[in-house]
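Here is how the chains run, residue by residue.
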Amino acid sequence: MPVIINEFEVVMEPSPPPPAQPAPMQPQSEATPVRPESIIRIQQRHQARIKRVWAD
């Protein structure tokens, strides 16, 4: 069930079932981490939105 927090949508993924037997080592595909520049841009956009709402 997705949950929306402010403008971010948080979706819980179901946990995968445990493997029946040990799997051979495979390279993990990792998601790209959130960069500090992205966080700063999100905060700036949020502050600008707060200022617009306050001005109304």
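Asks: Honestly, the overall build of the protein in this entry has me stumped. Any pointers?
Replies: Across its full length, the protein holds 1 helix and 2 strands. Listed by position from the N terminus, the elements making up the protein come as β-β-α. Here the protein holds 56 residues, and the buried ones make up 0% of them. Total accessible area computed for the protein in this model is approximately 6,300 Å², and 60% of it derives from carbon and sulfur atoms.

Asks: Looking at this structure, how should I read the pattern of salt bridges?
Replies: Between side chains of opposite charge, pairing is possible as soon as their charged atoms come close. One pass over the full model with this rule turns up 1 salt bridge. One salt bridge in this structure joins R35 and E37, with 3.4 Å as the shortest N-O distance.

Asks: Honestly, the confidence of the model for the protein in this entry has me stumped. Any pointers?
Replies: When pLDDT drops low, the exact placement of atoms in the prediction is not to be read closely. Mean pLDDT over the protein stands at 75; residues scoring 70 or higher make up 61%. When mean pLDDT is taken per element in the protein, helix α1 (residues 36-55) scores highest with 89 and strand β1 (residues 2-5) scores lowest with 59.

Analysis parameters
- Residues numbered from 1 in each chain as written.
- Predicted model: local features only at pLDDT ≥ 70, side-chain atom pairs only at ≥ 80, totals over all residues.
- Heavy atoms only, no water.
- Helix = DSSP H or I, 4+ residues; strand = E, 2+ residues; numbered from the N terminus.
- Buried < 20%, exposed > 50% of the residue type's maximum accessible area, 1.4 Å probe, protein only.
- Areas by Shrake-Rupley, 256 points an atom, 1.4 Å probe, with all protein chains shown as cover.
- Salt bridge = Lys/Arg side-chain N within 4 Å of Asp/Glu carboxyl O.
- pLDDT = per-residue confidence, 0-100.

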